[in-house]
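# Inside the fold
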Amino acid sequence: MLLYVLDLAGVAVFAVSGALGAGHAGLDWLGVVVIASVTAVGGGTLRDLLLDRHPVFWIRDTRYVYVILAAAALTIVWVHLLPVPEHALAVADALGLGLFAITGAQVAEERRLPAVIVLLVGTMTGAAGGLLRDVFTARVPLLLSSGIYGSAAIAGIAAYLLLQAAGTPRRWAFHAGVLLIVALRLGGIYGGWHLPVLRLPA
Amino acid sequence: MLLYVLDLAGVAVFAVSGALGAGHAGLDWLGVVVIASVTAVGGGTLRDLLLDRHPVFWIRDTRYVYVILAAAALTIVWVHLLPVPEHALAVADALGLGLFAITGAQVAEERRLPAVIVLLVGTMTGAAGGLLRDVFTARVPLLLSSGIYGSAAIAGIAAYLLLQAAGTPRRWAFHAGVLLIVALRLGGIYGGWHLPVLRLPA
Amino acid sequence: MLLYVLDLAGVAVFAVSGALGAGHAGLDWLGVVVIASVTAVGGGTLRDLLLDRHPVFWIRDTRYVYVILAAAALTIVWVHLLPVPEHALAVADALGLGLFAITGAQVAEERRLPAVIVLLVGTMTGAAGGLLRDVFTARVPLLLSSGIYGSAAIAGIAAYLLLQAAGTPRRWAFHAGVLLIVALRLGGIYGGWHLPVLRLPA
């Protein structure tokens with residue numbers, strides 16, 4: 001139940017980030033809805049297609065779609081009245097990445113897939129929505145341009161799996177994994193944290 | 001039967017628009033075929049994967065592929081002999097968007113999926129091919145840069161569903177939906193029609 | 001058995017090319033792993049989704065994932081110690097394209113799909129990984145910018161099918177197809193070979 005609420009919260013947060021991305025690209029209102037939807041359902045849809053889970057989560061449960069529509073509408077109203085709360089959004093985006101990455105990992109885990117596959121599927125679930133948003137609004141993908149992103153997902157899922165292997169209850173491992181992803185992501189944005197970079201001449 | 005012919009026409013039109021996009025990007029002839037194919041089958045393939053319809057439409061019925069190859073070849077011959085009929089093409093592209101969006105919606109409708117899912121799947125079916133074309137030829141996606149596009153699809157599918165709910169026969173609702181999409185799209189191109197835009201500082 | 005080894009080699013080669021692409025875009029180490037993975041599994045994943053083959057190849061056999069991780073790690077170590085062997089890589093990339101295109105075609109062939117579908121599925125299998133790499137690292141896709149690429153795949157698969165139709169044993173047709181793709185691709189890079197180009201004003 002808590003997980004379902006968190007999952008809906010992750011969808012809402014990514015919808016807002018998609019709507020803002022569409023706003024930066026100067027789209028009209030329905031274009032905002034399209035990009036908000038793609039950002040919010042992209043990662044989970046890829047997860048469901050890769051694992052052959054049908055119907056896809058947002059086709060099975062339309063509540064996700066209503067959450068996206070409400071989030072996009074609220075974003076449009078909000079930005080006409082108030083300044084965009086960039087810091088609140090950075091936190092929300094980090095929370096969305098954390099929730100999606102770990103719940104994506106859990107779906108793969110429930111299929112008893114090997115740890116390395118759990119890691120990859122979880123990372124893709126967390127990162128795909130944002131990648132699609134950036135590709136469709138013709139920006140340099142955030143994955144590339146800003147500190148820790150995919151890396152945070154990988155690290156958090158690895159912690160989640162290692163804690164469980166060490167006997168930690170699944171619920172605690174879940175919270176620890178999400179928190180680690182949020183912390184690493186925010187440290188990347190505000191603290192300038194980053195992993196060693198591979199920099200080749202262009 | 002008429003629907004099948006219209007569907008093939010939609011594929012042909014999108015293949016031409018893909019071939020022209022590839023020409024603007026300076027691809028070789030077989031690259032033109034690749035982009036024409038991706039543009040023409042992209043939307044329907046996404047629809048079939050999301051709804052778990054196998055085999056995918058162009059694998060089940062190769063006539064689609066032959067239509068694409070013929071359309072790409074004709075485009076290459078045409079542009080060496082005659083000017084590109086930009087206006088005819090804009091009409092054709094609008095017709096393709098309309099046909100794909102409504103037929104995509106119908107496939108979802110036949111699965112008795114809720115209206116909001118029918119709306120989303122139809123919009124994705126109509127818009128995905130053109131998005132892929134623009135991403136792969138490294139242009140700013142048309143979805144973003146030019147008036148009404150995804151919006152036209154959403155409005156047309158909504159009209160199609162509302163008319164049926166009001167008792168209109170399916171066939172008439174179909175024609176009305178396609179016509180509305182074509183009209184909105186052409187009004188966006190030639191009339192400068194547009195929805196309110198969300199414009200945030202970049 | 002040989003085919004399986006060649007398939008793993010193709011995955012390794014594409015992982016290296018993805019890792020180098022990520023390096024040119026200045027990603028951190030885990031970002032390098034993400035792009036290397038997407039490049040290496042993109043084509044085969046698309047093939048498996050289109051043909052409804054589940055579990056997807058790298059989920060069924062984790063050896064692919066370990067090969068990708070090893071290839072990405074080796075690339076990171078290598079570029080810190082030695083110059084990037086551009087020529088060796090061009091050959092390896094061509095070999096990867098050839099192997100993926102023909103093995104993708106073979107999977108479609110084993111389903112007794114028509115020749116034109118075998119051609120399309122094989123081309124997509126060969127080209128998709130590199131396209132995703134270029135889109136996600138925000139470069140003009142290689143498919144577009146450099147000589148023969150998709151075209152080499154189409155020509156090689158066509159030769160593979162025609163040779164079999166003329167009675168050549170499958171094994172020899174396989175080798176001939178791969179060799180033709182490698183030769184055309186390298187001729188495109190070093191010999192400036194290219195097909196007629198469709199060039200329209202932008």
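Residues numbered from 1 in each chain as written. Chains lettered and ligands numbered in written order. Predicted model: local features only at pLDDT ≥ 70, side-chain atom pairs only at ≥ 80, totals over all residues. Heavy atoms only, no water.

## Considering helix 4 (residues 63–81) of chain C
Residues and elements named next belong to chain C. Convention followed: The numbering of helices and of strands both runs from the N terminus, where a helix is a DSSP run of H or I of at least 4 residues and a strand a run of E of at least 2. Expected helix span is given by 1.5 Å per residue-to-residue step, counting one fewer step than there are residues. Buried means the residue's accessible area, taken with a 1.4 Å probe over protein chains only, is under 20% of the maximum for its type, while exposed means over 50%, and partly exposed covers the values in between. This arc corresponds to the set of directions leading from the helix axis out to the C-beta atoms.
Under the 1.5 Å per step criterion, the end-to-end length of helix 4 is 27 Å for 19 residues, consistent within 8% with the ideal 27 Å. For helix 4, every residue scored as buried is listed here: Tyr 64, Val 65, Ile 68, Ala 71, Ala 72, Thr 75, Ile 76 and Val 79. Along the axis of helix 4, the buried residues cluster in a sector spanning 130°; they form a single face. Facing away from the buried side of helix 4, by more than 90 degrees, are the exposed residues Leu 74 and Leu 81.

## Description of the side chain of Thr 45 of chain C
Formally: Polar contacts, as counted here, are pairs of nitrogen or oxygen atoms within 3.5 Å of one another; within protein the pair requires one atom able to donate a hydrogen and one able to accept it, and residues that are adjacent in sequence qualify only if both atoms are side-chain atoms. Two residues form a contact once any of their heavy atoms are found within 4.5 Å.
As for its position among the elements, Thr 45 of chain C is in helix 2 (residues 29–50). Given a relative accessible area of 9%, Thr 45 of chain C falls into the buried group. Among the polar contacts listed, one links the side chain of Thr 45 of chain C to the backbone oxygen of Val 41 of chain C, at a separation of 2.6 Å. For Thr 45 of chain C, the residues in contact, after removing those within four places along its chain, are Leu 50 of chain A together with Val 56, Phe 57 and Trp 58 of chain C.

## Some details on the relation of the copies chain C and chain B
Using the following cut-off: Residues below a pLDDT of 70 in either copy are left out; the C-alpha atoms of the rest, at least 70 in both, set the least-squares superposition of the copies.
With an RMSD of 0.0 Å, the fit of chain C onto chain B corresponds to turning through 120° and sliding 0.0 Å along the axis. A rotation of that kind, with that shift, is consistent with a three-fold axis. Different-surface contact between copies: only 10% of interface residues of chain C are shared with the interface of chain B.

## Quick notes on the interface of chain A and chain B
As a reminder, the rule being used: Buried area is understood as the total, over both parts, of accessible area removed when two parts are fitted together, assessed with a 1.4 Å probe. By salt bridge we mean one thing: a side-chain nitrogen of Lys or Arg within 4 Å of a carboxyl oxygen of Asp or Glu. Here the nonpolar group is Ala, Val, Leu, Ile, Met, Phe, Trp, Tyr, Cys and Pro; Asp, Glu, Lys and Arg are the charged ones; every other residue, Gly included, is treated as polar.
The interface of chain A with chain B comprises 33 residues on the first partner and 29 residues on the second. When the area that chain A buries against chain B is broken down by residue, the three leading residues are Asp 28, Ile 59 and Phe 136 of chain A, summing to 21%. Our enumeration of links across chain A and chain B arrives at zero salt bridges. Remark: the boundary between chain A and chain B carries zero residue pairs in polar contact (both at pLDDT 80 or more). Contributions of two or more residues to the side of chain A that touches chain B are made by helix 1 (2–24), helix 2 (29–50), helix 3 (57–60), helix 4 (63–81) and helix 6 (115–136) of chain A. Ranked by residue count, the leading element in the side of chain A that touches chain B is helix 2 of chain A, at nine residues. Of the residues in the side of chain A that touches chain B, the class split is 21 nonpolar, ten polar and two charged.

## Details of the interface of chain C and chain B
Each partner contributes to the interface: chain C provides 29 residues, whereas chain B provides 33 residues. Summing the contributions of chain C and of chain B, the shared interface buries around 2700 Å²; its carbon and sulfur component is 78%. Joining chain C to chain B, the criterion identifies zero salt bridges. The tally of links between chain C and chain B comes to zero residue pairs in polar contact (both at pLDDT 80 or more). Among the secondary structure elements, those contributing two or more residues to the side of chain C that touches chain B are helix 2, helix 6 (115–136), helix 7 (142–145) and helix 8 (150–165) of chain C. The element that contributes the greatest number of residues to the side of chain C that touches chain B is helix 6 of chain C, accounting for eight residues. In the side of chain C that touches chain B, the residues fall into 24 nonpolar, three polar and two charged.

## Brief notes about the pattern of salt bridges
Within the structure shown, the criterion is met by twelve salt bridges over all chains. Here Arg 170 of chain A and Glu 110 of chain A are joined by a salt bridge, their closest N and O atoms 3.3 Å apart. Here Glu 110 of chain A lies in helix 5 (residues 86–110) and Arg 170 of chain A lies in helix 9 (residues 170–190), a separation of 60 residues in the sequence. Residue classification places Arg 170 of chain A among the partly exposed positions, given a relative accessible area of 33%. One salt bridge in this structure joins Arg 53 of chain B and Asp 48 of chain B, with 2.8 Å as the shortest N-O distance. Take Arg 53 of chain B: its relative accessible area is 21%, and that puts it in the partly exposed class. Look at Asp 48 of chain B and you get buried, because its relative accessible area is 0%.

## Some remarks on helix 2 of chain C
Along an α-helix, a turn takes 3.6 residues, which lines up residues three or four apart on a common side. Residues and elements named next belong to chain C. What counts here: In this scheme, the bend at a residue equals the angle between the axes fitted to the seven residues that finish there and the seven that begin there.
The end-to-end C-alpha separation of helix 2 is 31 Å, in line with the 32 Å expected for 22 residues at 1.5 Å each. Along helix 2, the largest kink reaches about 45° and is centred on Gly 42. With 19 of 22 residues buried, helix 2 lies mostly within the body of the structure. At the C-terminal side of helix 2, Asp 52 shows a positive phi close to 55°.

## Side note on the packing of helix 5 of chain A against helix 6 of chain A
Residue and element names in this part refer to chain A. The criterion, for reference: Think of each axis as a best-fit line through the C-alpha atoms, taken over the contacting stretch in the case of a helix, with angles from 0 to 180 degrees between the N-to-C directions. Each angle receives one of four descriptions, namely roughly parallel if under 35 degrees, roughly antiparallel if over 145, roughly perpendicular if within 65 to 115, and oblique otherwise. Handedness of a crossing follows from how the near helix is turned relative to the far one, being left-handed for an anticlockwise turn of less than a right angle and right-handed for a clockwise one.
Interaxial distance between helix 5 and helix 6 falls to 7 Å at its minimum, and their mutual angle equals 140°. Between helix 5 and helix 6, the interaxial angle falls into the category oblique. With respect to the hand of their crossing, helix 5 and helix 6 are arranged in right-handed fashion. Counting all contacts with helix 5, which are made through Asp 93, Leu 97, Phe 100, Ala 101, Gly 104, Ala 105, Ala 108 and Glu 109, the residues of helix 6 involved are Val 118, Val 121, Gly 122, Thr 125, Gly 126, Ala 127 and Arg 133. Classifying every residue of the contact of helix 5 with helix 6 by side-chain character gives eight nonpolar, four polar and three charged.

## A word on the packing of aromatic side chains
Residues and elements named next belong to chain A. So the rule is basically this: Only Phe, Tyr and Trp rings are paired, with Trp represented by its six-membered ring, and only when their centres lie within 6.5 Å; those with planes under 30 degrees apart are stacked, over 60 edge-to-face, the remainder tilted. Two thresholds decide whether a charge sits over a ring: the Lys NZ or Arg CZ must be within 6 Å of the ring centre and within 35 degrees of the ring normal.
Evaluation of the coordinates by the stated rule reveals nine aromatic pairs over all chains. Between the aromatic rings of Tyr 4 and Tyr 64, the centroid separation amounts to 6.1 Å while the plane-to-plane angle is 90°, which identifies the pairing as edge-to-face. Here the residue Tyr 4 occupies a position in helix 1, and Tyr 64 occupies one in helix 4, the gap between them amounting to 60 residues. The class of Tyr 64 is buried, set by a relative accessible area of 6%. An aromatic cluster of three or more residues is present, and its members are Tyr 4, Phe 57 and Tyr 64. Across from the ring centre of Phe 57, 5.4 Å away, lies the NZ or CZ of Arg 47, which sits over that ring.

Keep in mind these numbers describe shape, not what the thing actually does.
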